[in-house]
Amino acid sequence: NNETSVPQLLIRDLKFEKKSLAKLMFSPDQENHPSKAPVKYGELIVLGYNGSLPNGDRGRRKSRFALFKRPKANGVKPSTVHIACTPQAAKAISNKDQHSISYTLSRAQTVVVEYTHDSNTDMFQIGRSTESPIDFVVTDTVPGSQSNSDTQSVQSTISRFACRIICERNPPFTARIYAAGFDSSKNIFLGEKAAKWKTSDGQMDGLTTNGVLVMHPRNGFTEDSKPGVWREISVCGNVFSLRETRSAQQRGKMVENETNQLQDGSLIDLCGATLLWRTAEGLSHTPTVKHLEALRQEINAARPQCPVGFNTLAFPSMKRKDVVDEKQPWVYLNCGHVHGYHNWGNKEERDSKDRECPMCRSVGPYVPLWLGCEAGFYVDAGPPTHAFSPCGHVCSEKTTAYWSQIPLPHGTHTFHAACPFCAHQLAGEQGYIRLIFQGPLD
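Counting from 1, residues in each chain are numbered in the order their sequence is written. Per-residue local features are limited, in this predicted model, to residues with pLDDT of at least 70; the limit for side-chain atom pairs, both in listing and counting, is 80 or more; totals at the level of whole chains, interfaces and linings are taken over all residues. The side-chain figures draw on all heavy atoms in the structure; neither hydrogens nor water molecules are used.

Asker: Help me understand helix 6 (residues 397–404), please; the structure alone is not making it clear to me.
Answerer: An α-helical turn contains 3.6 residues, so any two residues separated by three or four positions project in the same direction. Partly exposed describes any residue whose relative accessible area lies between the buried limit of under 20% and the exposed limit of over 50%, with all areas from a 1.4 Å probe on protein chains only and scaled to the type maximum. Numbered from the N terminus, helices here are DSSP runs of H or I no shorter than four residues, and strands are runs of E no shorter than two. Among the eight residues in helix 6, six count as buried, and that is most of the element. For helix 6, the full list of buried residues reads Thr399, Thr400, Ala401, Tyr402, Trp403 and Ser404. Only heavy atoms matter for contacts: two residues are in contact if any of them lie within 4.5 Å across the pair. As for helix 6, its buried residues are in contact with strand 14 (212–215), strand 17 (267–269), strand 18 (274–279), strand 24 (386–388), strand 25 (393–395) and strand 28 (432–434).

Asker: What's the story with the environment of Thr385 in this structure? I'm lost.
Answerer: Mapped onto the elements of the fold, Thr385 is located in the loop between strand 23 (370–371) and strand 24. On the accessibility criterion, Thr385 (10% relative accessible area) is buried.

Asker: How should the pattern of salt bridges be read in this particular structure?
Answerer: Side chains that differ in sign of charge can pair as their charged atoms come close. Here a salt bridge means any side-chain nitrogen of Lys or Arg lying within 4 Å of a carboxyl oxygen belonging to Asp or Glu. A complete count under the given rule lists 13 salt bridges for this structure. The shortest N-O distance in the salt bridge between Lys398 and Glu223 comes to 2.9 Å. Residue Lys398 is found in helix 6, and its partner Glu223 is found in the loop between strand 14 and strand 15 (231–233); the two are separated by 175 residues along the sequence. Its relative accessible area of 38% is what places Lys398 among the partly exposed residues. Its salt-bridge partner being Arg296, residue Glu293 comes within 2.9 Å of it at the nearest N-O pair. Here Glu293 pairs with Arg296, and both are found in helix 5 (residues 289–301), just three residues apart, close to one helical turn. Here the two residues Glu293 and Arg296 agree in accessibility, since each one is buried.

Asker: Can you walk me through the side chain of His339 in this structure?
Answerer: Examined against the element boundaries, His339 turns out to sit in strand 20 (residues 338–339). For His339, a relative accessible area of 0% translates into the label buried. Any pair of N or O atoms that falls within 3.5 Å is considered a polar contact. Within protein, one atom must be able to donate a hydrogen and the other to accept it, and sequence-neighbouring residues count only if both atoms are side-chain atoms. Only 3.5 Å separates the side chain of His339 from the backbone oxygen of His337, close enough to count as a polar contact. Leave out the neighbours within four places in its chain, and His339 touches Cys306, Pro307, Val308, Leu313, Gln328, Pro329, Trp330, Tyr332, Cys357, Pro358, Met359 and Tyr366.

Asker: Can you help me understand the sheet that holds strand 21 (residues 354–356) in this one?
Answerer: Each strand in a sheet pairs with another by means of backbone hydrogen bonds, the pair being arranged parallel or else antiparallel. What makes two strands pair is DSSP finding at least two bridges between them. Pairing is antiparallel in the open sheet, where four strands are placed in the order 20-19-22-21. With one partner strand each, in any of the chains shown, strand 20 and strand 21 form the two edges of the open sheet. Relative to strand 22 (residues 363–368), strand 21 runs antiparallel, the two being bridged by three bridges. Paired with Glu356 across the two strands is Val363, which belongs to strand 22.

Asker: Is there a simple way to think about the sheet that holds strand 4 (residues 75–84) in this case?
Answerer: Spatially, four strands are ordered 4-6-5-11 in an open sheet, and the strand pairing comes out mixed. At either margin of the open sheet sits one strand with a lone partner, and together these are strand 4 and strand 11 (187–190). Taking each pair of neighbouring strands and ignoring which way they run, the sheet shows an average axis angle of 20°. Pairing between strand 5 (residues 100–106) and strand 11: four bridges, direction parallel. In the sheet register, Ile101 faces strand 11, and the bridge partner there is Ile188. Helix axes are fitted only over the stretch in contact, all axes being lines through C-alpha atoms; the angle between N-to-C directions runs from 0 to 180 degrees.

Asker: Can you help me understand the environment of Val379 in this one?
Answerer: By the element assignment, Val379 lies in the loop between strand 23 and strand 24. Expressed as a C-alpha distance, the spacing of Val379 and Thr399, which sit 20 residues apart in the sequence, is 5.4 Å. Not counting the four nearest positions on each side in its chain, Val379 is found in contact with Phe221, Thr222, Glu223, Lys398, Thr399 and Tyr402.

Asker: Whenever I open this one, the nonpolar core confuses me. Can you help?
Answerer: In these notes, a set of buried Ala, Val, Leu, Ile, Met, Phe, Trp, Tyr and Cys residues joined through side-chain atoms within 4.5 Å is what counts as a nonpolar core. Judged by nonpolar contacts, the single largest core of 46 residues is most densely connected at Leu44, Leu67, Ile126, Ile165, Ile177, Ile268 and Leu270. Those residues in contact with Ile268, other than ones at most four positions away along the chain, are Leu44, Ile165, Ile177, Val212, Leu213, Val214, Leu262, Ala273, Thr274 and Leu275.

Rendered as structure tokens:
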């Protein structure tokens, strides 16, 4: 058995310098002077991007978006309800200087709910539109996309004005999510086909075409987190069980004991992209990019070797996260043995994706390993000992275990677990594998 004759190490056997890493654990906010920093409510991070968009983050289109307290409150709250008998009357009521939501019940009747300024809250809007009311522009996530996402010919399923988040300006800075956002004329318009209804207290409510789904994890976003239940959020922020399919006319059942309040680790699905909400408090306990860089250097300092070519392997720097480097570690996904790139065991009669591991002869995919650089996806600060399958993104054991249990919405009625760093659907029994490195022979 050739496995016993070579020194092997799991990354956990490396003696991580706990103190030096602890210093790197404080969040970027704490590096600035906290007294001068504006209040941060939290951040939205788009799943499927490993730290930035493929063609770089630009303006309102980026892989993560921080919500800060605004210099002046821009929140709104419902005020007057008007029932209009003609579309013209409805148009007259929806004043361009005032926010309103129009519910078209029939050709003969529209209900317009006017919204008034709320000096206690800040509003942030998310959607596909690049119009000025949208604070964070989100486009459809293509799994594993390293190419220019602007050239997609796919018809987007993300709404132009998908949702809005309202944050309390005073502690504890509670953030709540609502389906639909106000357009350039400060209106939300629910047409005849949208699901809508009158509530028991005489107000109106409705759902958007493809819906806004939210999942709050149990036990927060920590190493003890467990997946919660996906729910749909209405235009007025009420919580419902899911419809039969994404755009079915019939709404789900109202879930009385749950709220639209976001918590650290809540997932928001816009039908085409999924966002992770991290609170400012949660982010302060999350590893920073500096911490991940220290872990990368720590692995490379242990000089793991390829058991076939005996060359030293090294994870490329965070900036070069898309280009395969000659020292890049590769892994056999069925067994977890880490090698450098080689042509050993490439049987021509087999599908070229499957290779035989020289260490244990197990046959399976052979892929390059990439470090997970988006720190916001980590549930703990553990060393990068495990990789997602089949994409090869590497992070801590608890992080791979957590994401492999999360059913993420896919299309209009299916769910599957995916790698948070590239959005590839996970494969294999667990969806991830423990890495086995070989130590240097000296």
